Amino acid sequence: MIVAIDGPAASGKGTLAKRVAAHYGLPHLDTGLLYRAVARDALASAIDLDDAAGAAGVAEALEVATLADPDLRTAEIGEAASRVARHPAVRTVLLAYQRTFASAAPGAVLDGRDIGTVICPGADVKLFVSATPEVRALRRFLELTGRGVDISQEAVLADIRARDERDSTRGTAPLVQAKDAVLLDTSNLDIDAAFRAALDLIEAAMSRAGRAG
Ligand code: DC
């Protein structure tokens, strides 16, 4: 079973994907980490984030073992990731790894921006997880300040809006709900309620597919 979970920054898709994967005993890939790692390595090598060929070269040399680096989670790396993610050449390099991950038995849960539309268009279940920018900014603000980061709620909201804009308007694989994805709005749900809602949607999609097949 392949489960594709897409959505904007701080929608809760990552936490949901992790819990869904654990529930079904499937491997999980947070595809944002791939773009974050490319951004980290580009910055470390002083490669301009707007240099498509340079960033694609970095993507080719990416060591997936470094995706566990906790420093990838910072707001600065998230912003830089959104910039390298605009380059089609970077996306092409990362596509193969994601497809290989998804197609290995017994399946996988992948979360990102373009899983249901580009990476796994044939996924068994597609969820599009969203919430209002204000709710997402509050969640991200609490997470960052909880980790001791000194930042204002306004700055976090501005960052979320800028990333939404860049991720949704880029020419290649923009953030968009796949036609056959089910929307899960988590604005008024805590993580446990969102998880239960996600499981209900997955079970419903699987039983529809079972009946059709
Ligand atoms: O989900 P995240 O915040 O870790 O993602 C960081 C950036 O990476 C995001 O702003 C856009 C990019 N990204 C992407 O373009 N496609 C994906 N499948 C995942 C992330």
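Here the structure is a predicted model, which means the values were calculated and not measured. (Residues numbered from 1 in each chain as written. Predicted model: local features only at pLDDT ≥ 70, side-chain atom pairs only at ≥ 80, totals over all residues. Heavy atoms only, no water.)

**Some words on the pairing of strand S1 (residues 2-6)**
Stated formally: Categorising residues by exposure relies on relative accessible area from a 1.4 Å probe, with only protein chains included: less than 20% of the type maximum marks a residue as buried, more than 50% marks it as exposed, and the intermediate range marks it as partly exposed. A helix here means a DSSP run of H or I that spans at least four residues, while a strand means a run of E at least two residues long, and both kinds are numbered starting from the N terminus. One bridge is not enough; two strands pair if DSSP finds at least two bridges between them.
With respect to burial, S1 is a largely interior element, 4 of its 5 residues being buried. Where S1 and strand S3 (residues 108-112) come together, 5 bridges link them in parallel fashion. Bridge pairing links Ala4 to Leu110 in S3. When S1 meets strand S4 (residues 125-130), the two strands line up parallel, connected through 4 bridges. Paired with Ala4 across the strands is Lys126, a residue of S4.

**As for the packing of helix H4 (residues 75-84) against helix H8 (residues 153-169)**
Basically, it comes down to this: Axis lines are fitted to C-alpha atoms, over the contacting stretch for helices. Their N-to-C directions set the angle, which ranges from 0 to 180 degrees. Our angle categories are set so that under 35 degrees counts as roughly parallel, over 145 as roughly antiparallel, 65 to 115 as roughly perpendicular, and the remainder as oblique. Handedness of a crossing is defined here by the sense of rotation of the near helix relative to the far one, left-handed for an anticlockwise turn of less than a right angle and right-handed for a clockwise turn. Contacts are assigned to residue pairs with any non-hydrogen atoms lying within 4.5 Å of each other. Ten residues, namely Ala, Val, Leu, Ile, Met, Phe, Trp, Tyr, Cys and Pro, are considered nonpolar, four, namely Asp, Glu, Lys and Arg, are considered charged, and the remaining ones, Gly among them, are considered polar.
It is at 10 Å that the axes of H4 and H8 come closest, and there the two elements cross at 15 degrees. The angle between the axes of H4 and H8 places the two elements in the roughly parallel class. At the point where H4 passes H8, the crossing takes the left-handed sense. On H8, the residues touching Gly78, Glu79, Ser82 and Arg83 of H4 are Asp159, Arg163, Arg166 and Asp167. For the contact of H4 with H8, the residue count by class is no nonpolar, 2 polar and 6 charged.

**Details of helix H2 (residues 32-44)**
What counts is decided by this rule: Each residue after the first adds 1.5 Å to the expected span of a helix.
For H2, built from 13 residues, the straight-helix expectation of 18 Å at 1.5 Å per residue is met to within 8% by its first-to-last C-alpha distance of 18 Å. Here H2 has its buried residues at Leu33, Leu34, Tyr35, Arg36, Ala37, Val38, Ala39, Arg40 and Ala42. Next to the buried residues of H2 lie strand S2 (28-30), helix H3 (52-60), H4, helix H5 (88-103) and H8. The positive-phi residue at the C-terminal boundary of H2 is Ala46, with phi of around 55 degrees.

**Some words on the side chain of Arg36**
What counts, and what does not: Two residue types count as positive, namely Lys and Arg, and two as negative, namely Asp and Glu; His and chain ends fall outside the count. When a carboxyl oxygen of Asp or Glu lies within 4 Å of a side-chain nitrogen of Lys or Arg, that pair is called a salt bridge.
The topology assignment puts Arg36 in helix H2. Although buried, Arg36 forms no salt bridge, and the nearest oppositely charged side chain, Asp30, lies 6.2 Å from it.

**Concerning the nonpolar core**
Defined as follows: Joining through side-chain atoms within 4.5 Å is the link that ties buried Ala, Val, Leu, Ile, Met, Phe, Trp, Tyr and Cys residues into a set, and such a set is a nonpolar core.
Counting 31 residues, the largest nonpolar core has Leu34, Tyr35, Val38, Val90, Leu94 and Leu110 as the members making the most contacts within it. With 7 residues, H2 is the largest single contributor of residues to this core. Apart from the residues lying within four places of it in its own chain, the contact partners of Tyr35 are Ala81, Val84, Ala85, Val90, Arg91, Leu94 and Gln98. By size, the runner-up hydrophobic cluster in this structure holds 18 residues, among which are Ala21, Leu26, Val129 and Leu199.

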